[in-house]
4 protein chains.
Amino acid sequence: MVVVLEQHATEQDVERIIKVLHDFGFDVHRSTGVNQTVLGAIGVKPDFDTRQLELLPGVAHVYRVTEPFKLASRSFKPENSVFDIKGVKIGGKEIVVMAGPCAVESEEQIFAIAEQVAKHGAKFLRGGGFKPRTSPYSFQGMGEEGLKLMRSAADKFGLLVITEVMDSNQIDLVEKYADVLQIGARNMQNFNFLKELGKSSKPVMLKRGLSATIEEWLMSAEYVLSGGNKQVILCERGIRTFETATRNTMDISAIPVIHAKSHLPIVADPSHGIGIRDKVIPMARAAVAAGADGIMVEVHNDPDHAKSDGAQSLFPDQFDELMKQIRIIAEAIGRNVS
Amino acid sequence: MVVVLEQHATEQDVERIIKVLHDFGFDVHRSTGVNQTVLGAIGVKPDFDTRQLELLPGVAHVYRVTEPFKLASRSFKPENSVFDIKGVKIGGKEIVVMAGPCAVESEEQIFAIAEQVAKHGAKFLRGGGFKPRTSPYSFQGMGEEGLKLMRSAADKFGLLVITEVMDSNQIDLVEKYADVLQIGARNMQNFNFLKELGKSSKPVMLKRGLSATIEEWLMSAEYVLSGGNKQVILCERGIRTFETATRNTMDISAIPVIHAKSHLPIVADPSHGIGIRDKVIPMARAAVAAGADGIMVEVHNDPDHAKSDGAQSLFPDQFDELMKQIRIIAEAIGRNVS
Amino acid sequence: MVVVLEQHATEQDVERIIKVLHDFGFDVHRSTGVNQTVLGAIGVKPDFDTRQLELLPGVAHVYRVTEPFKLASRSFKPENSVFDIKGVKIGGKEIVVMAGPCAVESEEQIFAIAEQVAKHGAKFLRGGGFKPRTSPYSFQGMGEEGLKLMRSAADKFGLLVITEVMDSNQIDLVEKYADVLQIGARNMQNFNFLKELGKSSKPVMLKRGLSATIEEWLMSAEYVLSGGNKQVILCERGIRTFETATRNTMDISAIPVIHAKSHLPIVADPSHGIGIRDKVIPMARAAVAAGADGIMVEVHNDPDHAKSDGAQSLFPDQFDELMKQIRIIAEAIGRNVS
Amino acid sequence: MVVVLEQHATEQDVERIIKVLHDFGFDVHRSTGVNQTVLGAIGVKPDFDTRQLELLPGVAHVYRVTEPFKLASRSFKPENSVFDIKGVKIGGKEIVVMAGPCAVESEEQIFAIAEQVAKHGAKFLRGGGFKPRTSPYSFQGMGEEGLKLMRSAADKFGLLVITEVMDSNQIDLVEKYADVLQIGARNMQNFNFLKELGKSSKPVMLKRGLSATIEEWLMSAEYVLSGGNKQVILCERGIRTFETATRNTMDISAIPVIHAKSHLPIVADPSHGIGIRDKVIPMARAAVAAGADGIMVEVHNDPDHAKSDGAQSLFPDQFDELMKQIRIIAEAIGRNVS
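Predicted model only: the values in this text are computed from it and were never measured.

Here we take up the overall build of chain A. The helix and strand inventory of chain A stands at 11 helices and 15 strands. A principal-axis box enclosing the C-alpha atoms of chain A has dimensions of 75 × 45 × 40 Å. Looking at chain A residue by residue over its 338 residues, the buried ones come to 57%. Put simply, of all contacts in chain A between residues at least 6 apart along the chain, 65% involve residues at least 24 apart.

So, in structure tokens, the structure goes:
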């Protein structure tokens, strides 16, 4: 930690600040310049609240010099994490595609969609049994029945299953059907839940919160990792800004930033990021071009009658076209899409 | 719902749109102007996804004409809701003050603080047994032991208890000690949890999420209200913006906006909103001047050694001074602080 | 305009609202539903302040049904605008690359860079003579001398010149040297300046303001267009959000949104959007994949000693590699880079 | 400047970084801890771009230790700046009220309003002759004719004049009529214009940009101050956030933050901050309670027929009521309103 003192800090101020640092267990290294004195506080205390020092008379700024996350950071693990999920590798050279409806609605629907997305190269079937909805009056999902249908459809067409868990007490149930547990943006800082996920043996895909900084997102990954579950996949799905023309603002730059700061794979979800079908395609291409390890897109066999998010779901033909385009883009950067 | 058509929409487009509206169960009222055609879609469907129409050829815009929340809205209940909690009324003429430490740390600490805040006019003792922390390596609270101490301290000095519940499976435990259940900003859209809180007999204080719009906040209140719990208090605690000089940006304007849109009481929490002690006081005064029904402030007998949030906790003397100031301000607007 | 009335609006309220609309010159069309009355106000008044109605007793919401911009909108001009600038077409099938240093620093520097970027396929030389700097103590550019050097370097290597104009009183001067006038993000709503640019015969590239909505950006384009200058190019360069890991958040989704709303070409500037060299490349690829009509990147022959923005400037070799990648990506979407 | 090195930085990295710092003219002070090395770079270079170092291999973070502004900072001038403008002091104990219409519309209008606001205690008449409007089709103000009327009305009722200058080439003209030159939010970073204002002998009131950080705002003040004009008043008028229920989000916390960082007076403009009349009053009270040195509010004798911003203008009676309330609030904090 670096403590920068004010230009007019008195010697008495400096001595008090040094005493406080000693009381908190830090070693202190003083460096006096012409205009300004800087104190180096040595001793790693990841949870130290720097405001405790900022308030002291004579202190101008306090900077942390170590990142608050450890297990998630690339300096802890320099090479990419690659997770092998029943033979599908995520985080490696191949870009993995996850596709399916917003919610499972019926046996007919989920089998029809699974067939389509498998045919065009998806590796995962996405879809929800439990749906987080802003309104208590909206369709809340088919529950376990939906998960069963999804599992059967995925098995029939050689796909893996990724689906959302909304609460600690759903983990056991969802684990029975899913290959990857998806954690929604609104739960990114539900800390008790993250601790429980740390005990799961299933990989977890952690969506970025609507207003979460990249550092906070990695801290949430740290909760899961520190609980013992090493398989965390990150998912960018758009952040909240002042712009109202799109549902959210997809932060494509999070992709290269995460690759620099962390060894964990990152997937992009343009369907939620942009919210309108005809703009999902360019954003999916952009995510691949920026280096995403996977994309997740909503596809529906009959979007006009979907029970939720139909407006952002692709038609099967559009999905096919998208797959063709991203195969070429992947090549441009030395990667591939199956 | 109002559907505005594009200027160059063809008659065929219009007919298709009308057919889709009929299929969704709406009655349609067509109004053709010189430049533009507008369709009124009649029939209340609170969860209808307007993007289903926005995608149709010929549609320019779709507007909802009814607010998505009902029980929380002032048009549903025009007069203010006033909750009587063991004799303390919130939502009425009196401005209620909630004060105490960030976290319960020891018997000595909580009793010392309770005595101070009671003496200066607080009605509620605030403090946490369970603490949501960004880092898994930070102090996570004393748990039930902390709640017990808090209850005893509150009882001794004639205070009520408000404390945070972090998870559905903590509700039963916390209800044993608390008079009001506080729900943190990061849980504002934890929908399963909100449903469980709807079944509680205790009042709930729902903090605004860091990037929640006022409409979403009221939708979350609606989850609790529609579950049967009519006692929901709202709490503004700062939103996330681009500004980095403050921890969050306290949205003081949410106070008059909530009063216009809803009958529910609103409390302001300047300690979390601003994050630095010497700015908590002006922001607490501002909240009262803007019409808040209560304020919640962190007070600590020894902030320099607090285990969490010491930097934003007031010294007891500062709390006393603040109480004197807000008594005068309350008068200016025809209210009072006890 | 559509005026939605409150459910409990009285007949007297309705009559007063209708009278006010008549006074403002609107024709009114009343449509009464079971729960709600909606008024259609007919008559185009692009500058009408809808808040004048929102305040009236009985009014719930007011919606504009026409977009506030006209000349910039795709409904006014359905086909893409393609500008032919001395033989280089922007807005058509070809993706145009603009490259060069942040600021012109010396004859040697600008000639060395111009040679490099021309060799690898850029069509425009970018660079500044006048630099808007946050601090009055920072390097402010070489002024006219820089523009002269830039023009010579561009001419020698067959490039066009794009450079920033900062003020109305610089237009005449900059027009002597530039092929396209670049308007900075901070000037996007400098309305007097926009009016002056409307009188110029040179194309204008209008950067999006740091917190400008897409609608406001198009309104600023409208200022230039309505002044008589039809050649407006838009440039996305990142918006301000809460994220601090990047200089700005590049809003890649603005590209498909602009293409849907407007006929004007859109260029992406990832150098300013992201601010750090190694992330400029993935973001430039993403912009092309999302459909940008051009990209503008900073390239420097010696970034480590650049007088400004060296950290976000590419080395010539990196620029070469980027050009190779975007040529492949362009193909994937049926476009090309020369 | 403090340069924190990565944990795995090699000795070769460290030596290169030190060499680069020397080349830039810094003295370097090395401090090696158990896990991490920190370099202190001594030598004040206010415009140094820290990204030049962040890119070097082995560098984890770079922190500036001096604030980029100087003349505007409280450490440069510890006591409050109080400006005496024809006998009205701003920045002292008295809270100054500026009131008037959005735009001057006619002789009758401006005289009627001036009389009202003077009667209730305003010291300044506000109003615009030149209006910055988002749409080129909106009312753009009466120009010089409006300024003349405003000056006469102010003189008749013993008021001072504050009005907006939109461009460098309007300064001479506006100076003839105004006592304070108001600079709009959209011009906050129009740097050429700020330099010109630095040469004016009239006080300047600088509004905060819609997405300007407090540091950037003070940097813009620095432009004016460093040009030789010492009379800069800051004005908070709301920032842009994701919230759509209000026009902007008034950042009340900017008031105590500015008071801590700077000696310059700060005024609050709740009319633009909130945008709807009935919420202007609570926000004006909040600003005073938070310590604002002045407030600026829009008042109109006939808001329903105002040519601009009628919806956010107070009726004269409401203004009177507001003045009564803020007189009491001012007392609570040891200040006064005339």
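Now that the structure has been shown, we can carry on.
A separate point is the confidence of the model for chain A. For chain A, per-residue confidence averages 91 on the pLDDT scale, and 98% of positions sit at 70 or higher. At the level of chain-chain contacts, confidence expressed as ipTM amounts to 0.89, with global pTM at 0.90.

Next up on the list: the relation of the copies chain C and chain A. To go from the first copy of the chain to the second, apply a rotation about an axis and then a shift along the same axis. Laying chain C over chain A is done by rotating through 180° and shifting 0.0 Å along the axis; what remains is an RMSD of 0.0 Å. Read as a symmetry element, the transformation amounts to a two-fold axis. Within chain C, A286 of chain C has its C-alpha nearest the rotation axis, a separation of 2.0 Å.

All right, on to the interface of chain B and chain C then. Each partner contributes residues to the interface: chain B has 23 residues there, and chain C has 23 residues. Elements that contribute at least two residues to the side of chain B that touches chain C include exactly strand 1 (2-5), strand 2 (27-32), strand 3 (37-42) and strand 4 (59-63) of chain B. For the side of chain B that touches chain C, the element with the most residues is strand 3 of chain B, which contributes three residues. Taken together, the residues of the side of chain B that touches chain C break down into nine nonpolar, 12 polar and two charged.

Residues and elements named next belong to chain C. Of the two faces of strand 11 (residues 204-207), the one holding V204 and L206 and the one holding M205 and K207 are both buried throughout. As judged from the three bridges shared by strand 10 (residues 180-183) and strand 11, these two strands associate in the parallel manner. Of the residues in strand 11, the one forming a bridge with L181 is V204. Between the parallel pair strand 10 and strand 11, the chain is carried across by helix 6 (residues 191-197), and the sense of this crossover is right-handed. Note that strand 11 and strand 12 (residues 232-236) share four bridges and pair parallel. Bridging from a neighbouring strand, M205 pairs with I233 of strand 12. Chirality of the crossover, the property in question, places the unit of strand 11, helix 7 (residues 214-226) and strand 12 among those that are right-handed.

Once that is clear, we can look at the domain arrangement of chain A. Looking at chain A, the domain boundaries give domain 1 (2-63) and domain 2 (83-337). For domain 1 of chain A and domain 2 of chain A, the distance between their C-alpha centres works out to 45 Å.

Here we come to the pairing of strand 14 (residues 294-298) of chain D. Looking along a regular strand, one sees the side chains alternate between the two faces of the sheet. All names here are of chain D. Counting buried positions over the five residues of strand 14 gives five, a clear majority of the element. Alternating residues of strand 14 divide into G294, M296 and E298 and I295 and V297, and every residue in both groups is buried. Sheet topology places strand 7 (residues 94-100) next to strand 14; five bridges connect them, and they run parallel. Each residue of the ladder has a partner; that of V96, found in strand 14, is G294.

Time to look at the interface of chain C and chain A. At the junction of the two partners, chain C supplies 34 residues and chain A supplies 34 residues. Secondary structure elements with two or more residues in the side of chain C that touches chain A: helix 8 (254-261), helix 10 (277-289) and helix 11 (316-332) of chain C. A per-class count over the side of chain C that touches chain A returns 20 nonpolar, nine polar and five charged.

The next point concerns the relation of the copies chain B and chain C. Screw-axis analysis of chain B against chain C gives a translation of 0.0 Å along the axis, an RMSD of 0.0 Å, and a rotation angle of 180°. Interface residue correspondence from chain B to chain C reaches 100%, placing this contact among same-surface, isologous pairings.

What follows covers the packing of helix 10 (residues 277-289) of chain D against helix 11 (residues 316-332) of chain D. Residues and elements named next belong to chain D. Put simply, helix 10 and helix 11 touch, their axes get as near as 10 Å, and they point 25° apart. Taken as axis vectors, helix 10 and helix 11 run roughly parallel relative to one another. The interaxial crossing formed by helix 10 with helix 11 has right-handed handedness. Mapping the contact onto sequence places I281, A284, R285, V288 and A289 in helix 10 and Q318, L322, Q325, I326, I329 and A330 in helix 11.

Let's shift gears to the environment of V224 of chain D. All names here are of chain D. With respect to the secondary-structure elements, V224 resides in helix 7 (residues 214-226). C-alpha separation for the pair V224 and R335, spaced 111 residues apart in sequence, amounts to 29 Å. When residues no more than four places from it in sequence are discounted, the contact partners of V224 are L194, L197, G198, V204, L206, N229 and V232.

Attention now moves to the sheet that holds strand 4 (residues 59-63) of chain D. Residues and elements named next belong to chain D. An order of 2-3-1-4 is seen for the four strands of this open sheet, with the pairing classed as antiparallel. A strand with exactly one partner marks an edge of an open sheet, and here the two such strands are strand 2 (27-32) and strand 4. Sheet twist, expressed as the mean angle between neighbouring strand axes with direction ignored, is 20°. As paired strands, strand 2 and strand 3 (residues 37-42) are joined by six bridges and run antiparallel to one another. Each residue of the ladder has a partner; that of S31, found in strand 3, is V38. The strands touched by helix 1 (residues 11-23) are strand 1 (2-5), strand 2, strand 3 and strand 4; relative to strand 3, the strand with the most contacts, the crossing angle is about 10°.

Before going further, it helps to examine unusual backbone geometry. Residue and element names in this part refer to chain A. We note that K86 has phi near 45°; this positive angle belongs to a residue other than glycine. When you line up the elements, K86 lands in the loop between strand 5 (83-85) and strand 6 (88-90). Residue classification places K86 among the exposed residues on the basis of 7 C-beta atoms within 10 Å.

Residue and element names in this part refer to chain D. For helix 10, which comprises 13 residues, the first-to-last C-alpha distance of 19 Å matches the rise-based estimate of 18 Å (1.5 Å per residue) to within 8%. For helix 10, the tally of buried residues reaches 12 of 13 residues, placing the bulk of the element in the interior. Where helix 10 terminates, the next one or two residues include G291, which has phi positive at roughly 110°.

This part is about the sheet that holds strand 4 (residues 59-63) of chain C. Residue and element names in this part refer to chain C. Spatially, four strands are ordered 2-3-1-4 in an open sheet, and the strand pairing comes out antiparallel. If you trace the sheet from one side to the other, it starts and ends with strand 2 (27-32) and strand 4, each paired once. If you compare each strand with its neighbour and ignore which way they point, the axes differ by 20° on average. Relative to strand 4, strand 1 (residues 2-5) runs antiparallel, the two being bridged by four bridges. Paired with V4 across the two strands is H61, which belongs to strand 4. Its contacts with the sheet place helix 1 (residues 11-23) against strand 1, strand 2, strand 3 (37-42) and strand 4, and it is angled at close to 10° to strand 3.

Within the secondary structure, E94 of chain A sits in strand 7 (residues 94-100). Those residues in contact with E94 of chain A, other than ones at most four positions away along the chain, are K89, R335, N336 and S338 of chain A.

The next subject is the environment of T32 of chain B. Residue and element names in this part refer to chain B. Tracing the sequence through the fold places T32 in strand 2. Given 14 C-beta atoms within a 10 Å radius, T32 is considered partly exposed. Measuring from C-alpha to C-alpha, the distance between T32 and S308 comes to 63 Å, with 276 residues separating the pair along the chain.

One way to put it is that helix 10 (residues 277-289) of chain B packs onto helix 10 of chain D with a least axis distance of 7 Å and a crossing angle of 155°. Compared by their axis directions, helix 10 of chain B and helix 10 of chain D come out roughly antiparallel. At the point where helix 10 of chain B passes helix 10 of chain D, the crossing takes the right-handed sense. Mapping the contact onto sequence places R285, A286, V288 and A289 of chain B in helix 10 of chain B and R285, A286, V288 and A289 of chain D in helix 10 of chain D. Of the residues assigned to the contact of helix 10 of chain B with helix 10 of chain D, the class counts are six nonpolar, no polar and two charged.

A separate point is helix 8 (residues 254-261) of chain B. Each α-helix turn comprises 3.6 residues. Residues three or four places apart therefore point the same way. Among the eight residues that make up helix 8 of chain B, six are buried, leaving the element largely enclosed by the rest of the structure. Taken residue by residue, helix 8 of chain B has A254, I255, P256, V257, I258 and H259 of chain B as its buried positions. Residues of helix 8 of chain B that are buried make contact with helix 7 (214-226), strand 12 (232-236), strand 13 (266-268) and helix 10 of chain B together with helix 10 of chain D.

Calculation criteria
- Residues numbered from 1 in each chain as written.
- Chains lettered and ligands numbered in written order.
- Predicted model: local features only at pLDDT ≥ 70, side-chain atom pairs only at ≥ 80, totals over all residues.
- Helix = DSSP H or I, 4+ residues; strand = E, 2+ residues; numbered from the N terminus.
- Buried ≥ 20, exposed ≤ 12 C-beta atoms within 10 Å, placed from the backbone.
- Contact = placed C-beta atoms within 7 Å.
- pLDDT = per-residue confidence, 0-100.
- Least-squares fit on C-alpha atoms with pLDDT ≥ 70 in both.
- Nonpolar A, V, L, I, M, F, W, Y, C, P; charged D, E, K, R; others polar.
- Pairing = 2+ DSSP bridges.
- Right-handed = clockwise from strand over helix to strand, strands pointing away.
- Domains from an automatic or database assignment.
- Axes fitted to C-alpha atoms, helices over the stretch in contact; angles between N-to-C directions.
- Parallel < 35°, antiparallel > 145°, perpendicular 65-115°, else oblique.
- Left-handed = near helix turned anticlockwise from the far one by under 90°.
- Expected span 1.5 Å × (residues − 1).

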